[in-house]
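Chain residues, written in single-letter form:
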Amino acid sequence: MLMKHFWLPALMLAMAVTASAQVLNVGSIERVNVNGLSIDQAVLSPDGTQAVVSLNTSDALRVVNLADGSHRQLTQNGLTHDLRWTADSKTVVYQQPSYNQKHLRYKEVKAVDVATGTEKTLQKATRTLNGVAVQGQQVQVVNNKKVKATALDGQKVAQAPVASVSYGHLMLTVNGKTTQLDPNGSERCSYLWPSVSPDGTKVVYFDVNKGCQVCDLQGNVLASFGQLHAPAWLDNNTIVAMNDIDNGEVFTSSAIIAANLQGQQQVLTDASVIAMYPSVGADKIGFTTPTGEMYIINVTR
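Residues numbered from 1 in each chain as written. Predicted model: local features only at pLDDT ≥ 70, side-chain atom pairs only at ≥ 80, totals over all residues. Heavy atoms only, no water.

Draft legend 1. Local environment of the pattern of salt bridges. Overall, the coordinates contain four salt bridges when judged by the stated rule. Across the pair aspartate 199 and lysine 202 runs a salt bridge whose closest N-O atoms are separated by 3.5 Å. For aspartate 199, a relative accessible area of 38% puts it in the partly exposed group. (Salt bridge = Lys/Arg side-chain N within 4 Å of Asp/Glu carboxyl O. Buried < 20%, exposed > 50% of the residue type's maximum accessible area, 1.4 Å probe, protein only.)

Draft legend 2. Representation of the nonpolar core. Ranked by internal contacts, the top residues of the largest apolar core, which has 20 residues, are Leu24, Ile256, Leu268, Ile285, Phe287 and Ile297. Of all the secondary-structure elements, those providing two or more residues to this core are strand E21 (229-235), strand E22 (238-246), strand E23 (251-260), strand E25 (276-281), strand E26 (284-288) and strand E27 (294-300). Look past the residues within four positions of phenylalanine 287 in its chain and what remains in contact with it is Ile256, Thr269, Val273, Ala275, Met276, Tyr277, Pro278, Glu293, Met294, Tyr295 and Ile297. (Core = buried A, V, L, I, M, F, W, Y, C linked by side-chain atoms within 4.5 Å. Helix = DSSP H or I, 4+ residues; strand = E, 2+ residues; numbered from the N terminus. Contact = heavy atoms within 4.5 Å.)

Draft legend 3. Inspection of the sheet that holds strand E4 (residues 50-55) at higher detail. As summarised here, the arrangement of the four strands in space is E3-E4-E5-E6, forming an open sheet in which the pairing is antiparallel. Among the strands making up the open sheet, the edge pair consists of strand E3 (39-44) and strand E6 (71-75). Adjacent strand axes in the sheet meet at a mean angle of 30° when their direction is disregarded. (Pairing = 2+ DSSP bridges. Axes fitted to C-alpha atoms, helices over the stretch in contact; angles between N-to-C directions.)

Draft legend 4. Molecular detail of the side chain of lysine 107. You can see lysine 107 is positioned in strand E9 (residues 105-113). Despite its burial, lysine 107 pairs with no opposite charge, the nearest such side chain being aspartate 82 at 7.1 Å. Among the polar contacts listed, one links the side chain of lysine 107 to the side chain of glutamine 95, at a separation of 3.4 Å. In this view, lysine 107 contacts Leu79, His81, Gln95, Gln96, Pro97, Lys124, Ala125, Thr126 and Leu129; residues no more than four positions away in its chain are not counted. (Lys, Arg positive; Asp, Glu negative; His and termini not counted. Polar contact = N/O pair within 3.5 Å; in protein donor to acceptor, adjacent residues only side chain to side chain.)

Draft legend 5. Fine view of the packing of aromatic side chains. Tallied over the full model, the rule gives three aromatic pairs. Taken together, a centroid distance of 5.5 Å and an interplanar angle of 70° make the contact between tyrosine 191 and tyrosine 205 edge-to-face. One end of the pair, tyrosine 191, is in strand E17 (residues 191-196); the other, tyrosine 205, is in strand E18 (residues 202-207), and 14 residues separate them in sequence. Overall, tyrosine 191 belongs to the buried group, its relative accessible area being 2%. What makes tyrosine 205 buried here is its relative accessible area of 0%. With a centroid separation of 5.1 Å and an interplanar angle of 10°, the aromatic rings of phenylalanine 287 and tyrosine 295 are classed as stacked. Assessed through its relative accessible area of 1%, phenylalanine 287 is described here as buried. We classify tyrosine 295 as buried; its relative accessible area is 9%. (Phe/Tyr/Trp six-rings, centres within 6.5 Å; stacked < 30°, edge-to-face > 60°.)

Draft legend 6. Here's a closer look at a nonpolar patch on the surface. A grouping of Leu192, Trp193 and Val208 is seen on the molecular surface, where their side chains present a nonpolar patch of about 230 Å² in accessible area. Counting through the fold element by element, tryptophan 193 comes out in strand E17. Note on tryptophan 193: relative accessible area 30%, which makes it partly exposed. (Patch = residues over 30% accessible without salt bridge, like charges linked within 9 Å, V, L, I, M, F, W, Y side chains within 5 Å. Areas by Shrake-Rupley, 256 points an atom, 1.4 Å probe, with all protein chains shown as cover.)

Draft legend 7. Unusual backbone geometry, seen in detail. Phi angles above zero are rare outside glycine, and asparagine 175 is one such case at about 55°. Note that asparagine 175 resides in the loop between strand E15 (169-174) and strand E16 (177-180). Positioned with a positive phi, tyrosine 277 is a non-glycine residue whose angle comes to about 50°. Its location among the elements puts tyrosine 277 in strand E25. Residue tyrosine 277 is classed as partly exposed on the basis of its relative accessible area, which comes to 24%.

Draft legend 8. Just the pairing of E9, in detail. Bridge analysis of strand E8 (residues 91-99) against E9 gives nine bridges, and the strand direction is antiparallel. Residue pairing for E9: glutamine 95 is matched across the bridge by valine 109. Linkage of E8 to E9, two consecutive antiparallel strands, is achieved through a turn of five residues, within which histidine 103 is found at a positive phi near 65°.

Draft legend 9. Structural context of the sheet that holds E23. Taken together, the four strands give an open sheet; going across it, the order is E21-E22-E23-E24, and neighbouring strands pair in antiparallel fashion. Of all the strands in the sheet, the pair left with one neighbour each is E21 and strand E24 (265-267). Each strand axis lies, on average, 25° off the axis of its neighbour in the sheet, ignoring direction. Note: E22 against E23, nine bridges, orientation antiparallel. The residue of E23 that forms the bridge with aspartate 246 is phenylalanine 251.

If you want it as structure tokens, here you go:
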């Protein structure tokens, strides 16, 4: 078996959960044996069968089969930041960095067919990329506050809201028009990790001054979750994020937290592992550790 069930951590996890609100029903925690890979971050496919991972040892992105841990290279150079899967789990949209002679950083946005490796450039190299969103087979790239929409399935393009960041400001693009949202004001703001809920009605983000919050498309704050980092939508009412602590040099602890708009929070992992950068697939939450391991939490709702 290439995937091991950690029943003792799962038992400890159940004990930890009793001290917090019940947001999800948590099953086992499984470590994925990735055959020697040292993983930095992982992004699960919507169907929960695969993950695209970045590595601590190279700039390559690899695709991991979560059932047996087998893996293969997707691209020699790519980022997991803002990496998105299409809804059918067949295509990955990712950013590829490059540098010019003056060492200035540029980014391209590409779509790659996971099965064949066929790539399509959606955005040429630019220094003004704000953000990327995928809904179904529709890809929207916000560059210099302007949106370019592409339908990978050849159907009519239907634009969904896109949350992005420009010079620290939280931006929202609706029907091709980008405006400055900044729910907590536009002074001394620094927003990170924004994304729109699956139903297109809310935005989760992290504000260095206010912490992790959810607002509506008009910028009205609906919920505040405290110092939770790297939030991701589990469904339209629930996010998962990490509560990480460091000593200025290394991470000393980190737990994966589930939180809903009703104010409930549930600790999903315990102190036996430093759990970071959650990602969501079908009834699965993936996370990685600073030592390069990858885990799967099996959940039901």
